[in-house]
Amino acid sequence: MFKISNIYYEFRRIWKAISLFFVLSGPGIVVMVADNDAGGITTYAATGAKYGNHLIWFLLILIPVAYYVQEMTVRLGAVTKRGHGEAIFAGFGAFWGWFSLIDLMVVNWLTLVTEFIGMTSALRIFGIPPWLTVIGVSIIMLIMVVQGSYWTWEKIALLFCAVNLIYIPGAFLVNPKVADIMRQGFVPHLPPGGFNNELFFFIMANIGTTIAPWMLFFQQSAVVDKGTKEKDIPWGKVDTFVGSVMTVVVAIFIVIVTGTILPGINIDDAAQASQMLMKYNKYAGTFMAIGLFDAGFLGAICISLASSWAFGEVFGWAHSLNNKIREAPWFYGSYFFSLITAGCVVLIPKAPLVLITLFVQVVAVTLLPAALVFLILLLNNKKTMGEYTNTLWQNIVTTTIVVGIVILSTLYGISALFPDLFK
Amino acid sequence: MIRGFFFHQFVKVREINRKYATPNVVMSRWVRGSLLFLRLYLIFLVCLLLYKFITLL
């Protein structure tokens, strides 16, 4: 009897912890899954097709990379109750503040265009014209925020995050050889052909898609909007860790799909990969296209919100998803303005979409190093962070990661400017 | 109306500049060094972009 009551008590305790996790989780999972945006899906699909399972071990390294960077935004947001944009203004003055804010607007808007490119090309496979996709997406995004409740927005976003897991059953449909995946994927080694410029380019591309400037701004603002308190920081860390595992798991399954079905094929975009997959397995290709649309959608809602939050914080407008549209007209106005203008660009005939996609990489490297350096410096500001200041160990780990990201993402951006550099 | 809107925003920007005139992060040697690095890094990127633009013309 005593044993049964003990088991029941343990069950209740674990269930309570899980329930609490689901209440407090959100920003970390949403930002990390949204990190697998349309551009990210293309990168993973191309990596799988090029190197098969040989770079899966490298993707696993990206879990701590993403976690350690994003975890800092949780602490900074929960302690200071400021978004990243406002924190930069307060911490480093107006010059760096305006630089970050304006650069963020430009990068985010260009990235939004790429998300719309992904969404429209994914739904075009099913015969849906781009104009209908843009209108449909805009209506769904309106419905998500019209409630005036952060909680509702977050739970709908989490639902879309769950759709992103569609790549997992997609991988089982193509019957990959598990023994090959285990042997080739989980033992660190160089792929056949050794270390060359092309491999270096793919490594840079994968690192470049792991951390984007909008992610820092988004998660910190979301933590503040959610009302995360200092005592909730451990849950925020778990949320971020679960998110970083999810994002890499999804990436690995994409690699497995394209590595199994499209080995050695050069992939330019994920929609092209979906169509190629459909020739071999209709459902796997369909899942890839649905996942691409979902990835673009998640990216679009997070990126446009990151911009609106940052603007609202700095200009002092009401800037919470808990506000109704009439209570925060500038916040929602800027949210829809960026969404609709980015959507309209995709509809312009002969718009230079490839140039925009390349330009995103270049502009992003002007902001990413600054945003990351500011993040570490702010986390070392004892005056505001108190007991949550970075420890020596955290500084060693995060500085190493940031230096690596800055070098590789800069080289990736330069490779977009000078394509022959790494060929 | 448009003039009024821009005037209001201009005033707002000046107000923000005043509000954040003094950085609250202590300007230690590390912080100064990091900010200097960022400045040089941005100048480097701008030079690269200019070079690309000129060679494209």
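Conventions we followed
- Sequence order sets the numbering: in each chain, residues are counted from 1 along the sequence as written.
- Chains and ligands are labelled sequentially in the order written, the chains with letters from A and the ligands with numbers from 1.
- Reporting of local features is limited, given that this is a predicted model, to residues whose pLDDT is at least 70; pairs of side-chain atoms are given and counted only at 80 or more, and all residues count toward the totals for whole chains, interfaces and linings.
- Secondary structure elements are taken from DSSP: a helix is a run of H or I of four residues or more, a strand is a run of E of two residues or more, and numbering for both begins at the N terminus.
- The size measure is the radius of gyration over C-alpha atoms, and the globule rule it meets is 2.2 Å times the number of residues to the 0.38 power.
- Labels follow a simple rule on C-beta atoms placed from the backbone: if 20 or more others lie within 10 Å of a residue's own, it is buried; if 12 or fewer, it is exposed; otherwise it is partly exposed.
- Two residues qualify as being in contact provided that their C-beta atoms, derived from the backbone, are within 7 Å of each other.
- Each residue is assigned to one of three groups, with Ala, Val, Leu, Ile, Met, Phe, Trp, Tyr, Cys and Pro labelled nonpolar, Asp, Glu, Lys and Arg labelled charged, and all others, Gly among them, labelled polar.
- Residues of type Ala, Val, Leu, Ile, Met, Phe, Trp, Tyr and Cys that are buried and joined through C-beta atoms within 7 Å form what is called a nonpolar core.
- For helices, the fitted line uses only the C-alpha atoms of the stretch in contact; every axis is such a line through C-alpha atoms, and the angle between N-to-C directions lies from 0 to 180 degrees.
- Oblique is the label for every angle not falling under 35 degrees (roughly parallel), over 145 degrees (roughly antiparallel), or within 65 to 115 degrees (roughly perpendicular).
- Each residue carries a pLDDT score, the predictor's confidence in it, ranging from 0 to 100.
- Helix span is expected to be 1.5 Å times the residue number reduced by one.

(A) Representation of the overall build of chain A in the model. In terms of regular secondary structure, chain A is built from 19 helices and zero strands. At 21 Å, chain A has a C-alpha radius of gyration in line with the 22 Å of a compact globule built from 423 residues. Buried residues in chain A amount to 52% of all 423 residues. Long-range pairs, those at least 24 residues apart, make up 85% of the contacts in chain A with a sequence separation of at least 6.

(B) View of the overall build of chain B. Within chain B, the secondary structure is distributed over two helices and zero strands. A compact globule built from 57 residues should have a C-alpha radius of gyration of about 10 Å, whereas chain B, at 18 Å, is more than 25% larger. Here the C-alpha coordinates of chain B stretch approximately 45 × 40 × 5 Å along the principal axes. When burial is assessed residue by residue, chain B has 5% of its 57 residues classed as buried.

(C) Representation of the interface of chain B and chain A within the structure. Listed per partner, the contact involves 16 residues of chain B and 19 residues of chain A. When residues of the side of chain B that touches chain A are traced back to their parent elements, those giving at least two are α1 (2-19) and α2 (29-56) of chain B. Across the side of chain B that touches chain A, the residue classes tally to 11 nonpolar, three polar and two charged.

(D) Region of interest: unusual backbone geometry. Residues and elements named next belong to chain A. Positioned with a positive phi, K81 is a non-glycine residue whose angle comes to about 60 degrees. Mapped onto the elements of the fold, K81 is located in the loop between α4 (56-80) and α5 (84-92). In this structure, N175 is a non-glycine residue whose phi angle is positive, near 50 degrees. In this fold, N175 is placed in the loop between α9 (167-173) and α10 (178-185).

(E) Region of the structure containing the nonpolar core. Within the largest apolar cluster, 128 residues are counted, with the highest numbers of intra-cluster contacts made by I254(A), V257(A), L292(A) and C302(A). The element best represented in this core is helix α15 (residues 282-315) of chain A, accounting for 20 residues.

(F) Focus on the packing of helix α6 (residues 94-124) of chain A against helix α12 (residues 213-226) of chain A. Residues and elements named next belong to chain A. Running from N to C, α6 and α12 cross one another at 105 degrees; their axes reach a closest spacing of 10 Å. On the basis of the axis angle, α6 is roughly perpendicular to α12. Facing L104, V107, N108 and T111 of α6, the residues of α12 in contact are P213, W214 and F217. Partitioned by chemical class, the residues of the contact of α6 with α12 number five nonpolar, two polar and no charged.

(G) Region of the structure containing the environment of K155(A). Residue and element names in this part refer to chain A. Here K155 is to be found in helix α8 (residues 150-163). A tally of 13 C-beta atoms within 10 Å means that K155 is categorised as partly exposed. Counting along the chain gives 150 residues from K155 to S5, while the straight-line C-alpha distance between them is 34 Å.

(H) Broad picture of the confidence of the model for chain B. Across chain B, pLDDT averages 85, with 98% of residues at or above 70. Interface scoring of the predicted complex returns ipTM 0.88; its pTM is 0.88.

(I) Local environment of the environment of M276(A). Residue and element names in this part refer to chain A. In this structure, M276 sits in helix α14 (residues 270-280). Taking the C-alpha atoms as reference points, M276 and I261, separated by 15 residues in sequence, lie 8.9 Å from one another. Apart from the residues lying within four places of it in its own chain, the contact partners of M276 are L262 and I265.

(J) Structural detail: α1(B). Between its first and last C-alpha atoms α1(B) spans 26 Å; for 18 residues at 1.5 Å apiece the expected length is 26 Å, and the two agree. With zero of 18 residues buried, α1(B) is to be regarded as a mostly surface element.

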